[in-house]
Amino acid sequence: MPLHDRIIPYLETAGLFHLARLNSQWFWVDEPLLSAFIERWRPETHTFHMPFGECTITLQDVAYQLGLSIDGAPVRFHERFRVLPADASDETVRIYARAYILMLLSSQLFADKNANRVHLRWLPYLASLDDLGRYSWGSAALAWLYRYLCRGTNRNVVNLAGPLQF
């Protein structure tokens, strides 16, 4: 989904502009390396057990890597929007901004194993674009990652989801 100049102020208000810029870059996931990390993940402590000791992904890592806020209120868990018309009204721009933010949330931060669906739980957060900046998206993304890492330790799981760029 293209990033339109008229949407950028909404992304900046939501604290998601840096993530949107990263979205334009391709992240390659090294599957053998990811598998090795999953084998070392301990759900009881939310840490990786390495030969040199324990380590984990922290909120500071999330804030640094994705530029997301880690302060603020906690986050609890047919148009394609390809081209924003040049003569779009302010309301149309807000609709496109909501669609873009929903795409970022569902594909970058809170991806599931299907990678083609958006969970309804994120829609209430988009009701007011002005309020998006008060949420701690970084802590929510880290919790989502921990959730999927814990699920990944189950022998029956063959796919992993979540913000794997961490």
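The name an unreviewed UniProt entry gives the chain is Aminotransferase-like plant mobile domain-containing protein, with Arachis hypogaea as the organism.

Caption draft 1: Structural context of the sheet that holds strand E3 (residues 53-55). An order of E1-E2-E3 is seen for the 3 strands of this open sheet, with the pairing classed as antiparallel. Where the open sheet ends on each side, the last strands, each with one partner, are strand E1 (41-42) and E3. As paired strands, strand E2 (residues 47-50) and E3 are joined by 3 bridges and run antiparallel to one another. The partner of His49 across the bridge, within E3, is Glu54.

Caption draft 2: Structural view of the side chain of Thr47. Position of Thr47 among the secondary structure elements: in strand E2. The buried category is assigned to Thr47, whose relative accessible area is 10%. Side-chain polar atoms of Thr47 contact the side chain of Thr45, separated by 2.6 Å. Here His49 takes part through its side chain, which lies 3.4 Å from a polar atom of the side chain of Thr47. Dropping the residues within four chain positions of it, Thr47 is found in contact with Arg40, Trp41, Arg42, Glu54, Cys55 and Thr56.

Reading guide: rules and limits
- Residues numbered from 1 in each chain as written.
- Predicted model: local features only at pLDDT ≥ 70, side-chain atom pairs only at ≥ 80, totals over all residues.
- Heavy atoms only, no water.
- Pairing = 2+ DSSP bridges.
- Helix = DSSP H or I, 4+ residues; strand = E, 2+ residues; numbered from the N terminus.
- Buried < 20%, exposed > 50% of the residue type's maximum accessible area, 1.4 Å probe, protein only.
- Polar contact = N/O pair within 3.5 Å; in protein donor to acceptor, adjacent residues only side chain to side chain.
- Contact = heavy atoms within 4.5 Å.

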